[in-house]
Amino acid sequence: MRSDLQMAFIGSGVMAEAMISGLLAKKVVTADQIIASDPLESRRLYMQQTYSIRTTSHNTEAIQGAAIAVLSVKPQVLGSLMQTLRGKIALDTLIMSIVAGASITSLSQGLNHASIVRAMPNTPAQVGMGMTVWSASPEVTEVQHSYSKIILQALGEEMEVLHEYEIDRATGISGAGPAFVFLLIEAIIDAGVQMGFTRDQAQILTLQTIAGSVELMRRTNEHPTKLRNQVTSPGGATAVGLYELEKGRIRTTICDAVFATFERTQKLGKLS
Ligand SMILES: NC(=O)c1ccc[n+]([C@@H]2O[C@H](COP(=O)([O-])OP(=O)(O)OC[C@H]3O[C@@H](n4cnc5c(N)ncnc54)[C@H](O)[C@@H]3O)[C@@H](O)[C@H]2O)c1
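Keep in mind that this is a model prediction, so the values were computed, not measured.

Thresholds applied
Residues numbered from 1 in each chain as written. Predicted model: local features only at pLDDT ≥ 70, side-chain atom pairs only at ≥ 80, totals over all residues. Heavy atoms only, no water. Helix = DSSP H or I, 4+ residues; strand = E, 2+ residues; numbered from the N terminus. Buried < 20%, exposed > 50% of the residue type's maximum accessible area, 1.4 Å probe, protein only. Contact = heavy atoms within 4.5 Å. Areas by Shrake-Rupley, 256 points an atom, 1.4 Å probe, with all protein chains shown as cover. Lys, Arg positive; Asp, Glu negative; His and termini not counted. Charge placed at Lys NZ, Arg CZ, Asp CG, Glu CD. Near = heavy atom within 4 Å. Polar contact = N/O pair within 3.5 Å; in protein donor to acceptor, adjacent residues only side chain to side chain. Nonpolar A, V, L, I, M, F, W, Y, C, P; charged D, E, K, R; others polar. Pairing = 2+ DSSP bridges. Right-handed = clockwise from strand over helix to strand, strands pointing away. Axes fitted to C-alpha atoms, helices over the stretch in contact; angles between N-to-C directions. Parallel < 35°, antiparallel > 145°, perpendicular 65-115°, else oblique.

Student: Would you explain the overall build of the chain in this entry?
Tutor: Looking only at helices and strands, one finds twelve helices and eight strands in the chain. Dimensions of the chain, computed from C-alpha atoms along their principal axes, come out at roughly 70 × 35 × 30 Å. Across the 272 residues of the chain, 40% fall into the buried class. In the chain, once contacts between residues fewer than 6 apart in sequence are set aside, the share between residues at least 24 apart is 63%. Here the chain displays about 15300 Å² of accessible surface, and carbon together with sulfur accounts for 58% of that area. Seen as two clouds, the 23 positive and the 24 negative side-chain charges of the chain have centres 3 Å apart.

Below you can see the structure in the form of structure tokens.
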């Protein structure tokens, strides 16, 4: 991206930090191109000291002169934030919102601004392995569109969707997904510890098994059922483990978790 472009992050929490660290690591922008705002002094100090970026407690100061402003606050404060920013955003600023549920229409109306990208990233962006699903308003220019792609590619994979409701759906899979996966990881490690492995040993076994399974499916592009059957010997050990998982309704429980997250995302969108 052009070295004179300024980027603002409004709200400097977990996800803003993931994006900032990814952008700096991939050298998409330099630290002096970034300003981040946050009401918490401790957070501003941390961001300043860790990433050498500028910080401010004033959102309107952060957004001034920004080519791209990322809205990275919780949905519950978006309404009041939009009131503060309304009328203070330059016409050529691109607003990129990562706020769960907040639609392009509500952002555009709340901010009285036309160029909006709505994105749903996830926390593995911290290590460049993120998944972001995003959509742009028709007013986003070609240049702003290509900047958005460059920014989101610095976080990992990105997928642009034409229909915005797909972002709400994706929140149930890729947005919240890391939490579901970490719960699974925790459970398997705990089972290993219960059987007598040290926590370190159980963690090595679990992480390599999950990473290896992902890589195997990626490289072979086989259906998961085929890969699962390769593990499952007739009359063997895996079959009884799978039986227990099915008895515990793992499939429908996972589906319910994804659907509930999707529905809650839609409700969050109505908060602002
Ligand atoms: N954490 C995730 O996995 C994830 C993934 C995708 C999208 N999101 C979305 O990103 C947004 C931020 O989530 P997060 O997890 O980074 O939350 P967070 O709580 O870590 O960060 C929010 C930050 O905003 C600050 N803040 C509060 N009020 C503010 C205001 N008026 N102006 C400026 N800053 C203010 C808070 O002090 C905090 O540092 C949410 O809308 C969430 O839906 C989060």
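Alright, that's what it looks like, and here's the rest.
Student: Whenever I open this one, the site of the ligand confuses me. Can you help?
Tutor: Val-14, Met-15, Asp-38, Asn-59 and Val-73 are the nearest of the 20 residues found near the ligand. In this structure, an oxygen atom belonging to the ligand sits 2.9 Å away from a main-chain N or O atom of Val-14. Within the side chain of Asp-38, one N or O atom sits 2.6 Å away from an oxygen atom of the ligand. Starting from 820 Å² of accessible surface for the ligand in isolation, the protein chains cover 79%. Among the elements of the structure, helix H1 (14–25) and helix H4 (75–85) are those that each provide at least two residues to the shell around the ligand. Of the residues contributing to the shell around the ligand, the split by class is twelve nonpolar, six polar and two charged.

Student: I keep staring at the pairing of strand E1 (residues 7–10) and nothing clicks. Help me out?
Tutor: Put simply, side chains in a regular strand alternate between the two faces of the sheet. Of the two faces of E1, the one holding Met-7 and Phe-9 and the one holding Ala-8 and Ile-10 are both buried throughout. Bridge count between E1 and strand E2 (residues 34–37): four bridges; the pairing is parallel. Among the inter-strand pairings, Met-7 is bridged to a residue of E2, identified as Ile-34. Once the chain exits E1 it traverses H1 before rejoining the sheet at E2, and the crossover so formed is right-handed. Bridging between E1 and strand E4 (residues 68–71) involves four bridges; their strand directions are parallel. By the bridge assignment for E4, Met-7 is matched with Ile-68.

Student: Can you help me understand the packing of helix H7 (residues 165–175) against helix H8 (residues 177–195) in this one?
Tutor: Each packed pair of helices is defined by two parameters, the angle between the axes and the distance between the axes. Two elements in contact, H7 and H8, have axes whose closest approach is 5 Å; the angle formed by their N-to-C orientations is 30°. As judged from the angle between their axes, H7 and H8 are roughly parallel. For the pair H7 and H8, contact is made by Gly-172, Ile-173, Ser-174 and Gly-175 and by Gly-177, Pro-178 and Phe-180, respectively. When the residues that make up the contact of H7 with H8 are grouped by side-chain class, the tally is three nonpolar, four polar and no charged.

Student: Please explain the side chain of Ser-21 as it appears in this structure.
Tutor: Assignment of secondary structure puts Ser-21 in helix H1. Non-local contacts of Ser-21, meaning those with residues more than four positions away in its chain, are made with Tyr-51 and Gln-126.

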